[in-house]
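Chains, contacts and geometry: an overview
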Amino acid sequence: MKKNMALLLSTALLGVSLTACSSSNDSSNNSQESSSPETSSESPALSGDDLAFSKFPKPVDVHIGMVVDPTDKTLPEGDSVSNNQYTRYLKEKYNINVIVDWTAATGNDFKQKVSLTIASGKLPDGMVVDDRSFMTKAASSGLLYDIGELFDQYASKQVKDIMASTEGRALENASYKGKMVSLPNITVDTDGVHVMWIRKDWLDKLSLPVPKTVADLEKTAKAFIDNKLGGDKTIGIAGPSKNSFPYSTFLVSSNNMAGFDPIFGAMDAYPGYWLDNGDGTVSYGTTSENTKKTLALLADWYKKGLIDPEVGTRDNTGDPINANQTGIFFGPWWAGGYGNGDSFKNDPTANWQAYPVYSDDGKWNTHMKTTGSTYTVISKNAKPDVVKAILIMNNALVRDEATFDLSVAVGWYPLRNVMAAANETEYEYTELMKVLKGEAEPEDYNEPNSLYKLMYADAKKVRDVVKPPFDELGVSNFSTANFGDFQRLYSLLIGDRPFATTPIDKKVYSVTYNQTPTMETKWANLKKMEDETVLKIILGQAQLDSFDKFVKDWKAQGGDEITAEVAELLKK
Amino acid sequence: MRKLGHQKHYYLMLLPGMVWLVMFSIVPMFGILMAFQNYNPGMGLLKSEWVGLENFKYMFQLNDSKTVITNTLIIAVGKIVLNLIVPLVFAILLNELRNLRYKKLVQTVVYLPHFLSWVIMSTIVIGIFGYYGVVNTVFGYFGVDPQLFMADAGIFRQLIVGTDVWKEFGYNAIIYLAALTGVNPNLYEAAAIDGANRWQLIRHVTLPALTTTVVLLGVLSLGSVLNAGFDQVYNLYNPLVYSTGDILDTWVYRLGLQNLQFSLATAAGLFKSVISFVLIYISYRLAYRYADYTIF
């Protein structure tokens, strides 16, 4: 029997929304009744960080919805999503009981679950959503708690310092119509700076230099394939899978694994970004002439067989990278190390190195990301104690992450939403190199509540993991004995080296990283058109001329209207 | 009352089905209201703003709506037609087999795929038609360059219909095989005595005996003419084949669950349900007229 999807959808939506209607009234009453918290009377004198790390006198139940990585195997036998070292830590230290209402697998499953949860109007006390439109949808529907006041009281100094390091951008990002309705994710800037990851050991085998420009890249990829360095199915340059994107966009402006971002940058093209033309007007990067040129280049490479033949249809780009069939891929600093761990397990000599791709005149151009793209949202119906508990959970994660035993993936920490100083990785790169070279000692970094929360722990580990000589670090310098430590330090010391040591010639920010009102209805259609056109041109299924038709259609079907809205934002 | 007591166990057996129907089909009907609202999850169904037919108007303004309706119709009709013919041919062929054990074996093997979900089947299909799949490997022996079948909008619909028929024909043949067991053997004997050969037996005895079944199944499947198979398409498509492979159900999914346009998605779903309802009604009338089949 074939399921009627419409019925299914309305079933799900309606079934829950009916219960939501009836229950939302009840629970809003509840929250009003209980809005004079008992804790404040019982622990009157606390303030500042004492309050930020205070233990509740009575257990507080926090209901959460949680994303889980189904491939993660680090949870010890007998532990579960709601009973593991992190939940036990929260229970012992703060008397917080984490109750997991539901879990969903990373990616589309989780998005779908969040979407249905919002549609039903019945949120768990807390969940971390991975798209700003989820946050704004929930906020505009009046489902979120205005946490501003409690945040001021309960956020730790460290959290506030990190917020401050973004000069207000993080607060703005976490707010809807001037009210702080979520805890923002603050990630390092380098998450949005995409670099070229290349097999240095393959280059050495062929005595080739590190490619600098797109022309060099083409030759290198060809040499990799001709010499079958990854076997018969050698992939010169990896590309996006069917679930990822050819380039990051203003809405998803960071962490684009295996896109073509550095190629676009080298061609001075910034597709997916709203560009300030400098004369009071804005334009959408995808529609530019340079984007068209880059697409022509990529199409040419695809035709020559340099790019993964299955680009755009593959389930997961990581597979051929981890199977060591791929010579070059693009991604942020963590893409090598954290991102391709199995590659090192399968071949301990896989010497992945990270470099920028330069334009023909030797410039390094890159687009820059927004402060963070995930949000801890708290239900409007949560009791104040629960909100405080969630704030304390966040404080605790930021302060104590470095002290946790990371052999259990930190992703199991309930409501984990990364908060890091924007320049944390560059700072760590520089300081860790000092520690390696003996210019500094790990104890120099023993500062409680430092803005750079992981620095001390990393400094203590680095000499065990990385062996001399230190002038040109490669995979042979690293010990993989503790694989988690290896991955982190590899990403930091190799992956972040370009951003930490090479000045960027042109940093491009998007005029906005959020949706404008018209986008709410029209963007899905425009985006679909864009995705289709770009992929078809790269794969040679559409002529390059179809780009011009796309630009025309894009403008006519709402693009012009949206461009005008974005231009308005520029004036403010 | 005595009668009811006598049939008590039947009603008891009916109960779970009724509960299921109420919970999952009757109660959710209220969700249809969403299609006429600018639905706000915070306010719920009762308090959201009413917008009349606004969502429907907007839906038909979108270029996508025409594409997905066309795709849905082509794929669904293709499936209906082939899912009638292929199992029929298969059932007749199987019926001609004299080796009973072999017949049973074939029947079992071909209907196995029916029990696998498309999540699993899609991996198998990609394994066959993918860039490094079986088909391309065989092509390779003949010096043909590998093709990207899964990304080729020109053949995506054929692929969808073909793989669906392949998955279901064994199972669909069961009804025909059942009908075939009901044919009076005397007819075959009489025809054989009159000198009919095997082909003539099929043509003049088997096929006429199956006509009613074919008509009935064909007519009843009209109701699913807008069901092109969400789980199959969702697991096999990608942006490159949207132009020929995107169907109403996948479109509703992307609108509603990925882009949070709840009301628009409900409107599209309702549109589909209304058309399906009309078609089911028509098919019911036709079934009565041509096959003398009634439910009520």
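None of the values given here were measured: they were computed from a predicted structure.

Moving on, we get to the overall build of chain B. When its secondary structure is counted, chain B shows 15 helices and two strands. The dimensions of chain B, computed from C-alpha atoms along their principal axes, are 75 × 75 × 30 Å. The buried share of chain B, reckoned over its 296 residues, is 44%. Of all intrachain contacts in chain B linking residues separated by at least 6 positions in sequence, the fraction that spans at least 24 positions is 65%. Carbon and sulfur atoms make up 69% of the accessible area of chain B, which amounts to about 16300 Å² in all.

For chain A, the count of helices and strands is 22 helices and 15 strands. Taking 572 residues into account, the globule formula puts the C-alpha radius of gyration at 25 Å, and chain A, at 24 Å, falls close to it. In terms of principal-axis extent, the alpha carbons of chain A reach across some 70 × 60 × 55 Å. Across the 572 residues in chain A, those meeting the buried criterion constitute 58%. With an accessible surface of roughly 23000 Å², chain A has 50% of that area assigned to carbon and sulfur atoms. Taken together, the 60 basic and 76 acidic charged side chains of chain A have centroids lying 4 Å from each other.

The next thing to look at is the packing of helix α5 (residues 63–96) of chain B against helix α6 (residues 100–111) of chain B. Between two packed helices, what matters for the description is the angle formed by their axes and the separation of those axes. Residues and elements named next belong to chain B. It is the contact of α5 with α6, at a shortest axis distance of 10 Å, that shows an interaxial angle of 155°. Between α5 and α6, the angle is such that the two are roughly antiparallel. With respect to the hand of their crossing, α5 and α6 are arranged in right-handed fashion. Listed contacts from α6 to F90, L94 and N95 of α5 are K103, V106, Q107 and V110.

On to the domain arrangement of chain A. All names here are of chain A. Here chain A is partitioned into domain 1 (43–189 + 372–412) and domain 2 (194–363 + 507–571). Look at where the C-alpha atoms of domain 1 and domain 2 centre, and you get two points 32 Å apart. Roughly 400 Å² is buried in total at the junction of domain 1 and domain 2, and carbon and sulfur atoms are behind 40% of that figure. On the domain 1 side of the interface with domain 2, the three residues burying the most area are R132, V188 and S373, jointly 54% of the side's total. Connecting domain 1 to domain 2 are zero salt bridges. Linking domain 1 with domain 2 are one residue pair in polar contact (both at pLDDT 80 or more).

Before going further, it helps to examine the side chain of Q158 of chain A. Residue and element names in this part refer to chain A. Checked against the element boundaries, Q158 lands in helix α8 (residues 157–164). The exposure class of Q158 is buried, given its relative accessible area of 3%. Excluding anything up to four places from it in sequence, Q158 contacts V398, R399, N449, S450 and K453.

Another aspect to go through is the nonpolar core. Residue and element names in this part refer to chain A. In this structure, F260 and W301 are the most contacted members of the largest nonpolar core, which totals 53 residues. The element that contributes the greatest number of residues to this core is helix α21 (residues 517–538), accounting for eight residues. With near-sequence residues (within four places) excluded, F260 lies in contact with I237, A238, G239, P240, P246, L298, I307, V311, F330 and I538. Listed in part, the 50 residues of the second largest apolar core include L51, Y154, V159 and V408.

On to the sheet that holds strand β3 (residues 126–129) of chain A, then. Residue and element names in this part refer to chain A. An order of β2-β1-β3-β14-β6 is seen for the five strands of this open sheet, with the pairing classed as mixed. Two strands bound the open sheet, and with one partner strand each, they are β2 (96–105) and β6 (182–184). For this sheet, the mean inter-axis angle between neighbouring strands, taken without regard to orientation, is 25°. In this structure, strand β1 (residues 60–68) lies alongside β2, joined through nine bridges in parallel fashion. What sits directly across from V60, in β2, is I96.

The next subject is the interface of chain B and chain A. Taken together, the contacts link 53 residues of chain B with 48 residues of chain A. Counting the surface lost from both chain B and chain A, the interface buries some 4500 Å², and carbon and sulfur atoms represent 63% of this. Here K528 of chain A and D246 of chain B are joined by a salt bridge, their closest N and O atoms 3.6 Å apart. If you look at where chain B meets chain A, you find 10 residue pairs in polar contact (both at pLDDT 80 or more). Counting only elements with at least two residues in the side of chain B that touches chain A, the list comes to α2 (8–26), α3 (44–47), α5, α12 (230–236), α13 (242–245), α14 (248–258) and α15 (262–291) of chain B. Sorting elements by how many residues they give to the side of chain B that touches chain A places α14 of chain B first, with seven residues.

What follows covers the sheet that holds strand β11 (residues 326–331) of chain A. Strand pairs in the sheet, formed through backbone hydrogen bonds, run parallel or antiparallel to each other. Residues and elements named next belong to chain A. Pairing in this open sheet of four strands is mixed, and the strands run β8-β11-β7-β12 from one edge to the other. Two strands close off the open sheet at either side, each with one partner strand: β8 (235–237) and β12 (352–355). Between one strand and the next, the sheet's axes are offset by a mean angle of 25°, whatever the strand orientation. Sheet analysis places strand β7 (residues 195–199) next to β12, joined by four bridges and oriented antiparallel. Pairing of I198 across the sheet is with Q353, part of β12. Across the face of the sheet, helix α19 (residues 483–495) comes into contact with β7 and β12 while running at roughly 40° to β12.

Here we take up the packing of aromatic side chains. Residue and element names in this part refer to chain A. What the rule picks out here adds up to 44 aromatic pairs over all chains. Aromatic side chains W333 and Y338 sit 6.2 Å apart centroid to centroid with 85° between the ring planes, which places their arrangement in the edge-to-face category. What makes W333 buried here is its relative accessible area of 8%. Given the relative accessible area of 36%, Y338 is considered partly exposed.

This part is about the UniProt feature "domain: ABC transmembrane type-1" (unreviewed entry) in chain B. In this structure's numbering, the residues bearing the UniProt feature "domain: ABC transmembrane type-1" (unreviewed entry) are residues 69–283 of chain B. Regarding residues 69–283 of chain B, the helix share stands at 77% and the strand share at 0%, and the terminal C-alpha atoms are separated by 20 Å.

In the numbering adopted here, UniProt assigns the feature "transmembrane region" (unreviewed entry) to residues 12–36, 68–94, 115–134, 169–188, 209–230 and 260–282 of chain B. The span residues 68–94 of chain B carries 100% helix and 0% strand; its end-to-end C-alpha distance comes to 38 Å.

Residue and element names in this part refer to chain A. Scanning the entire structure with this criterion turns up 33 salt bridges over all chains. Close ionic contact of D79 with R88 constitutes a salt bridge, the shortest N to O distance being 3.2 Å. For R88, a relative accessible area of 33% gives the class partly exposed. Between K111 and D130 there is a salt bridge, with the nearest N and O atoms lying 3.5 Å from each other. Here the residue K111 occupies a position in helix α5 (residues 108–120), and D130 occupies one in the loop between β3 and α6 (132–140), the gap between them amounting to 19 residues.

Residues and elements named next belong to chain B. Contact geometry for helix α9 (residues 153–181) and helix α11 (residues 198–220): axes closest at 10 Å, N-to-C directions at 140°. By the angle between their directions, the pair α9 and α11 is classed as oblique. For the pair α9 and α11, the sense of crossing is right-handed. Along its contact with α9, which presents I175, Y176, A179 and L180, the element α11 presents T206, L210, T213, V214 and L217.

With that settled, the discussion passes to unusual backbone geometry. Residue and element names in this part refer to chain A. Cis peptide bonds are those with omega within 30 degrees of zero, and the linkage from P468 to P469 qualifies with 0°. If you trace the backbone, P469 turns up in the loop between α18 (455–465) and α19. Unusually for a residue other than glycine, K228 sits at a positive phi of about 50°. You can see K228 is positioned in the loop between α11 (214–226) and β8. In the Ramachandran plot, L415 falls in the positive-phi region, its phi being about 55° despite a non-glycine side chain.

Conventions we followed
- Residues numbered from 1 in each chain as written.
- Chains lettered and ligands numbered in written order.
- Predicted model: local features only at pLDDT ≥ 70, side-chain atom pairs only at ≥ 80, totals over all residues.
- Heavy atoms only, no water.
- Helix = DSSP H or I, 4+ residues; strand = E, 2+ residues; numbered from the N terminus.
- Buried < 20%, exposed > 50% of the residue type's maximum accessible area, 1.4 Å probe, protein only.
- Contact = heavy atoms within 4.5 Å.
- Areas by Shrake-Rupley, 256 points an atom, 1.4 Å probe, with all protein chains shown as cover.
- Rg over C-alpha atoms; globule rule 2.2 N^0.38 Å.
- Lys, Arg positive; Asp, Glu negative; His and termini not counted.
- Charge placed at Lys NZ, Arg CZ, Asp CG, Glu CD.
- Axes fitted to C-alpha atoms, helices over the stretch in contact; angles between N-to-C directions.
- Parallel < 35°, antiparallel > 145°, perpendicular 65-115°, else oblique.
- Left-handed = near helix turned anticlockwise from the far one by under 90°.
- Domains from an automatic or database assignment.
- Buried area = accessible area lost by both parts, 1.4 Å probe.
- Salt bridge = Lys/Arg side-chain N within 4 Å of Asp/Glu carboxyl O.
- Polar contact = N/O pair within 3.5 Å; in protein donor to acceptor, adjacent residues only side chain to side chain.
- Core = buried A, V, L, I, M, F, W, Y, C linked by side-chain atoms within 4.5 Å.
- Pairing = 2+ DSSP bridges.
- Phe/Tyr/Trp six-rings, centres within 6.5 Å; stacked < 30°, edge-to-face > 60°.
- UniProt positions renumbered as here; feature names shortened; annotations may be inferred.

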